[in-house]
Amino acid sequence: MRRSLVGQFLMPGLVITIASGVYALGFVWCYAPNHIAFGGITGIAQIINRYIPAAPVGILVIVLNVPLFLLGWKLISGRLLMSSLYATFLSSLFIDLLTPMYDWQPMDPLLACIFGGVLLGLGLGLVFQQGATTGGTDLISRLLKLKLAWLPMGKLLMGIDLAVILLVAAAFQTLYTALYGVVALYISTIVMDGVLYGMDTAKVAYIISDKQEQIALSIVRNLDRGATILHGQGVYTGTEKDVLMCAFKRREIAAVKAAVKEIDPAAFLIVCDAHEVLGEGFREYKKDDL
């Protein structure tokens, strides 16, 4: 019971807390001092803060998120909504706490784009990984993902944020703000998708051999991996050939190749990247999975 409680609530809450802090650090350290255009609701809050300095960015983010959460109330699960409220509140709180804590000076804009994009992408990726959002366009992207399941979250979020970045650049009246914002957004997208999908990368091997049974037996017994026989036919000769398909972890690639070539040095072996592998021996599907 205690282990179940830790797995369901405490550990995800801890990850979201750390990720919200990383997200806020990226904003106050890299984006705000260098006037780099920031997408989403935070970007809109930047615009308002530009003209009303007395309005803290964090509080503005919370206020602007209220109608979005009301919109998503019936469309997403209660757990996702509550965890998103938690992440939104924490990331906004951290922004307002970190801003006066230190005199954040401008740095080289390119360095700010790189490190800001990495911190932002890392923070958002970890939040999304726990089935939450930081509100704003993150929540909009999560809602759109219900209809556009084939689009990676990073790419979906990037399209929405580009429009806000242009508005931020117009408010600050400088083209460089938008250009640096696009660079940082691109970097954060790569990092975010890497956190969400890249760590789950596996390999798939297609093996064509006259010794399929021995190879399959070796894979099952020695590597503890399953295999599937696909029926194929050679185009040139017309000869029917069985193709052995096997999914395995990246670290097991050397063992798979050695097992195949040891049994049949003439075997034709194709190894491909697998974006996601769900099932026994790999990751299990979870509700609200991205």
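Criteria and cut-off values
- Residues numbered from 1 in each chain as written.
- Predicted model: local features only at pLDDT ≥ 70, side-chain atom pairs only at ≥ 80, totals over all residues.
- Heavy atoms only, no water.
- Helix = DSSP H or I, 4+ residues; strand = E, 2+ residues; numbered from the N terminus.
- Buried < 20%, exposed > 50% of the residue type's maximum accessible area, 1.4 Å probe, protein only.
- Contact = heavy atoms within 4.5 Å.
- Areas by Shrake-Rupley, 256 points an atom, 1.4 Å probe, with all protein chains shown as cover.
- Expected span 1.5 Å × (residues − 1).
- Polar contact = N/O pair within 3.5 Å; in protein donor to acceptor, adjacent residues only side chain to side chain.
- Salt bridge = Lys/Arg side-chain N within 4 Å of Asp/Glu carboxyl O.
- Arc of directions from axis to C-beta.
- Core = buried A, V, L, I, M, F, W, Y, C linked by side-chain atoms within 4.5 Å.
- Patch = residues over 30% accessible without salt bridge, like charges linked within 9 Å, V, L, I, M, F, W, Y side chains within 5 Å.
- Axes fitted to C-alpha atoms, helices over the stretch in contact; angles between N-to-C directions.
- Left-handed = near helix turned anticlockwise from the far one by under 90°.
- Nonpolar A, V, L, I, M, F, W, Y, C, P; charged D, E, K, R; others polar.
- 1 Å grid on protein atoms, 1.4 Å probe; cavity = no way out; pocket = protein on both sides within 12 Å on 5 of 7 lines; lining within 4 Å.
- Points joined across faces, edges and corners; volume = space filled by probe spheres on them.

Remarks on the overall build of the chain
A count of helical and extended segments in the chain gives ten helices and four strands. Along the chain, helices and strands appear, N-terminal first, in the series α-α-α-α-α-α-α-α-β-α-β-β-α-β. Taken over 290 residues, the chain has a buried fraction of 44%. Residue pairs in contact within the chain that sit at least 24 positions apart in sequence constitute 73% of those at least 6 positions apart. Entry remark: accessible area of the chain is about 15,900 Å², with carbon and sulfur atoms responsible for 66%.

Notes on helix α5 (residues 109-129)
Under the 1.5 Å per step criterion, the end-to-end length of α5 is 29 Å for 21 residues, consistent within 8% with the ideal 30 Å. For α5, the complete set of buried residues consists of A112, C113, G116, G117, L119, L120, G121, G123, L124, G125, V127 and F128. Between the side-chain oxygen at the start of α5 and the backbone nitrogen of L110 there is a gap of 3.0 Å, and the oxygen is on D108. G131 occupies a position one or two residues after α5 and carries a positive phi of about 80 degrees.

What about the pattern of salt bridges?
Here the structure, examined in full by the defined rule, presents two salt bridges. The partner of D210 in a salt bridge is K241, and the shortest N-O contact between them spans 2.8 Å. Taken as a pair, D210 in the loop between β1 (202-208) and α9 (212-222) and K241 in strand β3 (residues 240-249) lie far apart in primary sequence, 31 residues in all. Notably, a salt bridge pairs R225 with E252, separated by 3.1 Å at the nearest N-O pair. Residue R225 is located in the loop between α9 and β2 (228-233), and its partner E252 is located in the loop between β3 and α10 (253-263); the two are separated by 27 residues in the primary sequence.

Topic: α9
Residues of α9 that are buried include every one of Q212, I215, A216, S218 and I219, and no others. The buried side chains of α9 occupy one side of the element, clustering within an arc of 160 degrees when seen end-on. For α9, exposure combined with an orientation more than 90 degrees from the buried face picks out E213, R221 and N222. Lining the buried residues of α9 we find β1, β3 and α10. Positive phi shows up at D224, right after α9, with a value of about 55 degrees.

Thoughts on the nonpolar core
In terms of nonpolar packing, the biggest core is built from 32 residues, with F27, Y31, I95 and L124 touching the most fellow members. Listed by contribution, the elements that provide at least two residues to this core are α1 (2-31), α2 (40-51), α3 (57-72), α4 (78-98), α5, α6 (136-145) and α8 (175-196). Residue contacts for F27: discarding those within four places in its chain leaves A32, P33, F38, T42, Q46, V57 and I95.

Thoughts on a nonpolar patch on the surface
Judged by side-chain polarity, W29, L110, L111, I114, F115, V118 and V183 come together as a nonpolar surface patch covering roughly 550 Å² of accessible area. Top contributing element to the nonpolar patch by residue count: α5, with five residues. Structurally, W29 is set in helix α1.

A closer look at the packing of α5 against α8
With their axes 7 Å apart at the nearest point, α5 and α8 run at an angle of 35 degrees to one another. In terms of crossing hand, the pair formed by α5 and α8 is right-handed. Residue composition of the contact of α5 with α8, by class: 18 nonpolar, five polar and no charged.

Looking at empty space enclosed by the protein
A full pass over the atoms with the stated rule returns one cavity of 30 Å³ or more. Taken as a whole, the largest cavity encloses approximately 180 Å³ of empty space. Taken together, 26 residues line the largest cavity, and the ones lying closest to its centre are Y23, F38, G39, G40 and T42. Secondary-structure elements contributing two or more residues to the lining of the largest cavity are α1, α2, α3, α4, α5, α6, α7 (153-172) and α8. Residues of the lining of the largest cavity, tallied by class, amount to twelve nonpolar, twelve polar and two charged.

A closer look at the packing of α9 against α10
Two quantities define a packed helix pair, namely the angle between the helix axes and the distance between the axes. Packing of α9 against α10 leaves a shortest axis separation of 10 Å and a crossing angle of 145 degrees. Crossing of α9 against α10: the hand is right-handed. Seen from α9, the contacting residues are Q214, I215 and S218; seen from α10, they are A259, V260 and I263. Per-class residue counts for the contact of α9 with α10 are four nonpolar, two polar and no charged.

These values are about where atoms sit, not about what they do.
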